[in-house]
Each structure stands twice: as C-alpha cells, then as structure tokens.
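The primary structure of each chain is shown beneath.
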Amino acid sequence: MESNTNSTTYRVHATLQRIRDACQRSGRKPEDMQLIAVSKTYGVEEIKEALSAGICHIGENKVQEAKEKLPALQKDKSLSHVQWHYIGHLQTNKVRQAVELFDIIHSVDSLRLAAEIDRRSYTKDKIMPVLIQVNTSREKSKYGIDPDDTLELVKQVSELKNVKIKGLMTIGALTATTANDTVKIRSYFRKLRELREFIAGKNIPNVDMDCLSMGMSNDFEIAIEEGATHLRIGTAIFGKRKRAVKSLLSAASNQMEEKL
Ligand SMILES: *Cc1c(COP(=O)(O)O)cnc(C)c1O
C-alpha cells in the first residue's frame, strides 16, 4: 500500500511530510498543527484508510452527507479518539443534527446561527466549541463575517452559555497560480492572524483565540507560515474529487445547489 503513490495512505504520509517541512521553514511545531482530512464526496472506506494512516481529525461540509457516513464510524470504539469537524456553511434547520454529529463547528458567521447552536447544545447538555468564520477577502460570494464586524459578533456570541469560541476560520483565495495570487492569499491569512491578536487583546470572558483554521490543499504551506493551527485538507489526501462541490466558495452557487 505504502509504495502505491496513488493511495490515500501514501498521500496522508506525503501531506504530513509537507506539513513538517513547512513547520521547519517557519519555526513552528508540527505538534501544534491539527491536520483535518476533509472527506466530503469520499466514502467510509476512504475515511477508514485515512484514519489507519494516522489521521485523527475528519472534516465534512454537508450535514446530510455526514449523516450518511459518520454514524457507522462514530459507533466504532477503536475510533473514539477521532474528532469530527463541521467546516461548511450551516443552515439553522440543520443545526440540531450538526450538534449531534460534530465536535466542533468552524463556520459560525452570525448571531442567529450561534444562538441556534447554543439552544440545541443546551438540550443535548453539551458545550459546542465553535470558530467564527471571517470573510477576509470580502468577496461578495463568500460566507463569513466582515473583518470589521468580527469583534462585535465575538462579543455577542461570548454571552451564550452553551457555545465556546475557540478562534477564527477563513477560506483563502481560490487558486494560487501566479506569484501575485500567492501574495494575495498570504495577505488574507495574515489578516486573520492579526484579527485574532486584536480580539485576544480584548480579553473577552468565555473566548479563546487559540485556533486559526486556514489553509487547504493549495495553500496550506502559506497558512502554516502565517500562523494556522487547523489545516483543512481534502484533495491532497483523498485525491481529486469526482463531484464538484459548489458550496465551498460561493454562497450563490450553494443556493443553486440547494434548489436542485
Ligand atoms: C473542501 C473544503 C476544504 C478542502 O479543500 P481542498 O482544496 O480539497 O483541500 C477546506 N475547507 C472547506 C471549508 C472546504 O469546504
């Protein structure tokens, strides 16, 4: 299996090596990095292979899909150490299930959503760790709170008893093909880190700013250099997705997808 460069196992090891290399270059510790294998569109068998190869964090971006795949894995006692991350846009009518399926939600970008997570977590006697998703690039099509409104949202969400803010999340720019794109991507990651420092400095009760969820297959090395703690990596681990995932970057296309 290990010699097959086209296997999930091989790609997990190759990705871990790239993370170690990027950490070394930027004076960061690999232990401080959470590698979240984003398994959307991939099945239970592929997820199992990634877990056997040493993955401990799995990310999904659709509640419906997660509901079909995760319970079988979550029943397995030998996988009780695995953490399940919800990284996609979350509609309030899916919150109840998301709270049941996931250990952390990366995509809180409104008080309304946070309040619903709080309510559902309360009935489950749970305190749900959340990250605030920031639209650092201010692209209209993207989800996330505007950087200028983030502090206010954090203050409001911090009052909720059954959610706990652990940090910030952002989706970088789409593709890094030219040097100029790389500069742009870096600037958004840097903006998230600066925002984290700014908010941490306010010492808001019930708020941690330890986590920076940023970096995907195309840009995680830049994210590491800019302070990421949670890397959300799909393609580099599972291979190219066969089905397009429209909801990733564009709110408009997500709404279209929901109507289909
Ligand atoms: C799909 C997805 C990722 C992973 O993207 P890759 O380019 O496949 O690594 C990361 N974050 C979010 C929010 C996603 O939906």
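Residues numbered from 1 in each chain as written. Predicted model: local features only at pLDDT ≥ 70, side-chain atom pairs only at ≥ 80, totals over all residues. Heavy atoms only, no water.

1. Observations concerning the nonpolar core
The biggest cluster of nonpolar side chains holds 68 residues, and the ones touching the most others in it are I55, L90, I105, I117, I132 and L168. Once residues lying within four places of it in the same chain are set aside, the contact partners of I132 are H106, V108, I145, T150, L153, V154, V157, I165, G167, L168 and M169. Counting 6 residues, the second-largest nonpolar core is a separate cluster that includes L131, I171, C211 and M216. (Core = buried A, V, L, I, M, F, W, Y, C linked by side-chain atoms within 4.5 Å. Buried < 20%, exposed > 50% of the residue type's maximum accessible area, 1.4 Å probe, protein only. Contact = heavy atoms within 4.5 Å.)

2. Examining the pattern of salt bridges
Throughout the structure, instances matching the rule amount to 17 salt bridges. Of the charged contacts, one joins R96 and E100 as a salt bridge, the two residues approaching to 3.4 Å between their closest N and O atoms. With a gap of 4 residues between them, R96 and E100 both fall in helix 4 (residues 95-101), about one helical turn apart. For R96, a relative accessible area of 39% gives the class partly exposed. Given the relative accessible area of 41%, E100 is considered partly exposed. Note that E226 is salt-bridged to R193, the shortest N-O span being 2.6 Å. Taken together, the positions of E226 in the loop between helix 8 (220-225) and strand 8 (230-233) and R193 in helix 7 (residues 179-200) put the pair 33 residues apart, joining distant regions of the chain. Using a relative accessible area of 3% as the deciding quantity, one classes E226 as buried. Look at the salt bridges and you will find they share partners, linking R186, R190, R193, E225 and E226 into a network. (Salt bridge = Lys/Arg side-chain N within 4 Å of Asp/Glu carboxyl O. Helix = DSSP H or I, 4+ residues; strand = E, 2+ residues; numbered from the N terminus.)

3. Focus on the site of the ligand
Taken together, 13 residues are adjacent to the ligand, and K40, S217, G234, T235 and R241 come closest. Side-chain polar atom of K40 to an oxygen atom of the ligand: 2.7 Å apart, as the coordinates give it. Relative to its unbound accessible area of 390 Å², the ligand is 96% covered by the protein chains. In terms of residue class, the shell around the ligand is built from 6 nonpolar, 4 polar and 3 charged. (Near = heavy atom within 4 Å. Polar contact = N/O pair within 3.5 Å; in protein donor to acceptor, adjacent residues only side chain to side chain. Areas by Shrake-Rupley, 256 points an atom, 1.4 Å probe, with all protein chains shown as cover. Nonpolar A, V, L, I, M, F, W, Y, C, P; charged D, E, K, R; others polar.)

4. A closer look at the packing of helix 1 (residues 8-26) against helix 2 (residues 44-52)
Two elements in contact, helix 1 and helix 2, have axes whose closest approach is 9 Å; the angle formed by their N-to-C orientations is 45 degrees. Taken together, helix 1 and helix 2 sit at an angle that is classed as oblique. Where helix 1 crosses over helix 2, the two elements pack in a sense that is right-handed. Touching T8, T9 and V12 of helix 1 are E46, E49 and A50, all from helix 2. In terms of residue class, the contact of helix 1 with helix 2 is made up of 2 nonpolar, 2 polar and 2 charged. (Axes fitted to C-alpha atoms, helices over the stretch in contact; angles between N-to-C directions. Parallel < 35°, antiparallel > 145°, perpendicular 65-115°, else oblique. Left-handed = near helix turned anticlockwise from the far one by under 90°.)

5. As for helix 5 (residues 111-123)
A rise of 1.5 Å per residue sets the reference length of helix 5, with its 13 residues, at 18 Å; its end C-alpha atoms lie 18 Å apart and thus fit the reference within 8%. Contacts made by the buried residues of helix 5 are with helix 4, strand 4 (104-108), strand 5 (128-133), helix 6 (150-158) and strand 6 (163-169). Looking one or two places after helix 5, you find D125, whose phi comes out positive at around 55 degrees. (Expected span 1.5 Å × (residues − 1).)

6. Description of the packing of aromatic side chains
Summed over all chains, the structure comprises 2 aromatic pairs. Ring plane angle 20 degrees and centroid distance 5.3 Å describe the contact between Y42 and F238, whose orientation is recorded as stacked. With Y42 in the loop between strand 1 (34-38) and helix 2 and F238 in helix 9 (residues 235-238), this residue pair connects regions lying 196 residues apart in the sequence. (Phe/Tyr/Trp six-rings, centres within 6.5 Å; stacked < 30°, edge-to-face > 60°.)

7. Describing unusual backbone geometry
Of note, the phi angle at R138 is positive, near 55 degrees, even though the residue is not glycine. Its place among the elements puts R138 in the loop between strand 5 and helix 6. Positive phi, normally seen in glycine, also occurs at N203, with a value near 45 degrees. Turning to its location among the elements, N203 is positioned in the loop between helix 7 and strand 7 (207-213). With relative accessibility at 65%, the residue N203 sits in the exposed group.

8. Quick word on the pairing of strand 1
Of all 5 residues making up strand 1, 4 are buried, and the element is well covered by its neighbours. By the bridge criterion, 4 bridges tie strand 1 to strand 8 in an arrangement that is parallel. Counted as the bridge partner of L35 is L231 from strand 8. Direction of pairing for strand 1 relative to strand 2 (residues 57-60): parallel, over a ladder of 3 bridges. Looking at strand 2, one finds that I36 is bridged to H57. After leaving strand 1, the chain enters helix 2 and then returns to the sheet as strand 2, a path that is right-handed. (Pairing = 2+ DSSP bridges. Right-handed = clockwise from strand over helix to strand, strands pointing away.)

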